[in-house]
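Below, each chain spelled out in residue letters.
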Amino acid sequence: MTIRDRLAKVSFFDVKPDFSSLDANQRRALAHCIDASRIITNIYLDQVYVDNQRIYSELQKRSDVEGKDLLRYFLIHGSPWDAYDHDKPFISGVNEKPKFGSFYPSDLTREEWGAWLKSRPEDRERFESNHTVIKRRNNGLVAVSYSEEYLDRLSEVANHLRQAASLLPEGSLRSFLQLRANAFLSNDYLESDMAWVDTDGNPFEVTIGPYETYFDELLGLKASFEAFVALPDKDATTALARFTPVVPDFDVMLSQEFNFCPKGAAIPLEVVADVARGGEAGFGYMFVAYNLPNDRRVHDLKGSKKVFSRTMMEAKFYTEVLPVVERILPARFVEHCNFDNLFKFVLGHELAHGLGPSKIRVGDREMPFEVALKDLHSSLEEAKADMLGIRLLDYFRSRGILDNETLVGIVATEIAAHFRQWRHGFTEAHARGGLIEYNWLKAADALRYDNAAKKYEIDPERCIDAMSRLSTEFLNLQIAGDYEHAKAFMKHWGTIPSELPPIIESLSDIPTAVNPVWDLSELK
């Protein structure tokens, strides 16, 4: 496949934010946050691949058409690997994608890791931290804090955040920016994570730091840097807020079933319009929503915040999801698959990330799930959020705040959305979890493929029941913390059925992805 062929599969769309709600100082503060996000991108490029900066520099120097196309595609992925084509390299001379970027020595194995910590238990806390890089030094291993490894650039980021804070009045955003600036230099993110949950997206949303561990496919521990700057959509936020009052009741029900303490009561929601993305947030799949922070201590003490990008969600729905829906589902389901129902599925998914038990005990150690489940954690957590999200939405139905027709539409939309993800491959965390869900629904006779009609038949109520039971399986796997048992479960239910590859191939004329083209001229 030529680079032109790859670019042709991406649908580019313009994003020109409306800054009219901001005064002069707020605009200047926002500009500092955007500058900070660009530095975060530079750090992320180093995290992904040790040769990323060299490749980026060489592509920037090329003036030929192919070179410019390669640079544009590199800036879509943040690496020389195509996330939309099974992570295959698209630049000559580049080998297959490493499983853990530059977080660890390139020759480190799980066996060496385990042996090192077994013989040196005093190293465990620093080594298992989400915010350290592991290096070889003096014939051994050492953990280097992010604040040391990326000191110069994080100092620049901190300076921009402090300047942004100085332009804002006293309030939650100013407080967060000041505390986050300190965290970048201390490597202690707890206080600033707690402060971020208190922010409400006004006058704008800033999410910046090391968060997700998707890229660490060795141990699932190390967090990638990302940044997101956005403007509030107050009407859409108000519309979602009606669901949150009953969420604590649902968490109490789960706590009785799975024997844990309910979470903190804070369940802030924000719907926003994109302004800028940096680091992991600006490459590859690009999130439509997130539930942060991931630190379960914050969940227990306060709760977590959910942010929904209406910009990206709309672009993906109308360009990628709806065409798939129309291709693989019967007409009676297509009419229920609309943007609002996708939004509500994402709402359930993100709320579910903050529900359920937050840590486990394995032997004499208490630990977060990602330490026990290693590289399996991300896929299990994403699949749990899918299934527990549907169970939560069904609870909303029982409480009279969601009607039956809407829930049917949500289920149908979710099933079709998996096919959009699988077109990129089956190894990404959400895609691996989706395979388990698909096979589970087939086994429950809730989903079947009609070869003659080339459409999927869905039994919505069977789906809802099967999804609820699968959410229980996922929660029990997390609570047990048994890596080998979880691996066996994923292997059994995560196989690729023979019917999927040809169905996915039949969708090849639909755009593979969307990518924003930013216009921030109005900010000047």
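Preceding this paragraph is the structure being described.
Figured I'd write up the structure that's included with this text. (Residues numbered from 1 in each chain as written. Predicted model: local features only at pLDDT ≥ 70, side-chain atom pairs only at ≥ 80, totals over all residues. Heavy atoms only, no water.)

**Some thoughts on the overall build of the protein chain**
Part 1 of the reasoning: Within the protein chain, the regular secondary structure consists of 23 helices and 15 strands.
Part 2 of the reasoning: Radius of gyration (C-alpha) of the protein chain: 22 Å, near the 24 Å computed for a compact globule of 524 residues.
Part 3 of the reasoning: If one aligns the C-alpha atoms of the protein chain with their principal axes, the spans along those axes are about 60 × 60 × 50 Å.
Part 4 of the reasoning: Every one of the 524 residues in the protein chain was classed for burial, and the buried ones make up 60%.
Part 5 of the reasoning: A separation of at least 24 residues holds for 75% of the contacts in the protein chain among residues at least 6 apart in sequence.
Part 6 of the reasoning: Accessible area of the protein chain: about 21400 Å², with a carbon and sulfur share of 48%.
Part 7 of the reasoning: Mean positive and mean negative side-chain charge positions of the protein chain (62 and 80 charges, respectively) differ by 2 Å. (Helix = DSSP H or I, 4+ residues; strand = E, 2+ residues; numbered from the N terminus. Rg over C-alpha atoms; globule rule 2.2 N^0.38 Å. Buried < 20%, exposed > 50% of the residue type's maximum accessible area, 1.4 Å probe, protein only. Contact = heavy atoms within 4.5 Å. Areas by Shrake-Rupley, 256 points an atom, 1.4 Å probe, with all protein chains shown as cover. Lys, Arg positive; Asp, Glu negative; His and termini not counted. Charge placed at Lys NZ, Arg CZ, Asp CG, Glu CD.)

**Quick notes on the layout of surface pockets**
Part 1 of the reasoning: Space inside the second largest pocket adds up to approximately 580 Å³.
Part 2 of the reasoning: Breaking the lining of the second largest pocket down by element, the ones donating at least two residues are helix H2 (24-48), helix H4 (65-77), strand E8 (269-279) and strand E15 (513-518).
Part 3 of the reasoning: By residue number, the principal contributor to the lining of the second largest pocket is E8, which donates five residues.
Part 4 of the reasoning: For the lining of the second largest pocket, the class distribution of residues is 12 nonpolar, six polar and three charged. (1 Å grid on protein atoms, 1.4 Å probe; cavity = no way out; pocket = protein on both sides within 12 Å on 5 of 7 lines; lining within 4 Å. Points joined across faces, edges and corners; volume = space filled by probe spheres on them. Nonpolar A, V, L, I, M, F, W, Y, C, P; charged D, E, K, R; others polar.)

**Some details on helix H12 (residues 247-258)**
Part 1 of the reasoning: Compared with an ideal rise of 1.5 Å per residue, which puts 12 residues at 16 Å, H12 spans 16 Å between its outermost C-alpha atoms and is within 8% of the ideal.
Part 2 of the reasoning: Among all positions in H12, only Val 247, Phe 250, Asp 251, Leu 254, Ser 255 and Phe 258 are buried. All buried residues of H12 lie within an arc of 145° about the axis, which places them on one face of the element.
Part 3 of the reasoning: Those residues of H12 that are buried are in contact with helix H16 (339-353), helix H18 (377-398) and helix H21 (460-480).
Part 4 of the reasoning: Positive phi shows up at Asn 259, right after H12, with a value of about 60°. (Expected span 1.5 Å × (residues − 1). Arc of directions from axis to C-beta.)

**What to know about the sheet that holds strand E7 (residues 225-232)**
Part 1 of the reasoning: The five strands lie next to each other as E6-E7-E8-E10-E9, forming an open sheet whose pairing is mixed. The open sheet has two free edges, formed respectively by strand E6 (205-210) and strand E9 (289-292), since each of these has just one partner strand. Each strand axis lies, on average, 35° off the axis of its neighbour in the sheet, ignoring direction.
Part 2 of the reasoning: Alignment of E8 against strand E10 (residues 305-309), held across four bridges, turns out to be parallel. Each residue of the ladder has a partner; that of Leu 269, found in E10, is Lys 306. (Pairing = 2+ DSSP bridges. Axes fitted to C-alpha atoms, helices over the stretch in contact; angles between N-to-C directions.)

**Let's talk about the pairing of E10**
Part 1 of the reasoning: E10 sits mainly inside the fold: five of its five residues count as buried.
Part 2 of the reasoning: What you see with E10 is no split at all: Lys 305, Val 307 and Ser 309 on one side and Lys 306 and Phe 308 on the other are buried throughout.
Part 3 of the reasoning: Alignment of E9 against E10, held across four bridges, turns out to be antiparallel. From the neighbouring strand, Tyr 290 faces E10, where its bridge partner is Val 307.

**So, the packing of aromatic side chains**
Part 1 of the reasoning: Taken as a whole and judged by the stated rule, the model has 33 aromatic pairs.
Part 2 of the reasoning: Seen from their ring centres, Tyr 438 and Tyr 456 are 6.0 Å apart, and the 80° between their planes marks the pair as edge-to-face. Placement of Tyr 438 in helix H20 (residues 429-443) and of Tyr 456 in strand E14 (residues 455-458) is noted, with a sequence separation of 18 residues between them. Accessibility classification places Tyr 438 together with Tyr 456 in one group, the buried group.
Part 3 of the reasoning: Seen from their ring centres, Tyr 449 and Tyr 456 are 4.8 Å apart, and the 50° between their planes marks the pair as tilted.
Part 4 of the reasoning: The exposure class assigned to Tyr 456 is buried, which follows from its relative accessible area of 1%.
Part 5 of the reasoning: The ring of Trp 116 carries the charged tip of Arg 120 above its face, separated from the ring centre by 3.5 Å. (Phe/Tyr/Trp six-rings, centres within 6.5 Å; stacked < 30°, edge-to-face > 60°. Lys NZ or Arg CZ within 6 Å of the ring centre and 35° of its normal.)

**Points about the pairing of strand E12 (residues 365-368)**
Part 1 of the reasoning: Note: strand E11 (residues 359-362) against E12, four bridges, orientation antiparallel. When the sheet's bridge partners are listed, Lys 359 is paired in E12 with Pro 368.
Part 2 of the reasoning: Counting the residues that bridge the hairpin from E11 to E12 gives two residues, and of these Gly 363 lies at a positive phi of roughly 65°.

**Comments concerning empty space enclosed by the protein**
Part 1 of the reasoning: Taken as a whole and judged by the stated rule, the model has two cavities of 30 Å³ or more.
Part 2 of the reasoning: Approximately 50 Å³ is the volume found for the largest cavity.
Part 3 of the reasoning: Met 387, Glu 414, Ile 415, His 418, Trp 422, Glu 437, Tyr 438, Leu 441 and Met 467 are the residues that line the largest cavity.
Part 4 of the reasoning: Mapped by element, the contributors of at least two residues to the lining of the largest cavity are helix H19 (404-422) and H20.
Part 5 of the reasoning: Counting residues per element, the lining of the largest cavity draws most heavily on H19, which supplies four residues.
Part 6 of the reasoning: Among the residues making up the lining of the largest cavity, the classes are represented as six nonpolar, one polar and two charged.
Part 7 of the reasoning: Considering only enclosed or pocket space, the second largest cavity measures out at about 30 Å³ in volume.
Part 8 of the reasoning: Lining the second largest cavity are Ala 83, His 86, Asp 87, Tyr 285, His 424, Gly 425, Phe 426, Thr 427 and Glu 428.
Part 9 of the reasoning: Residues belonging to the lining of the second largest cavity are distributed by class as follows: three nonpolar, four polar and two charged.

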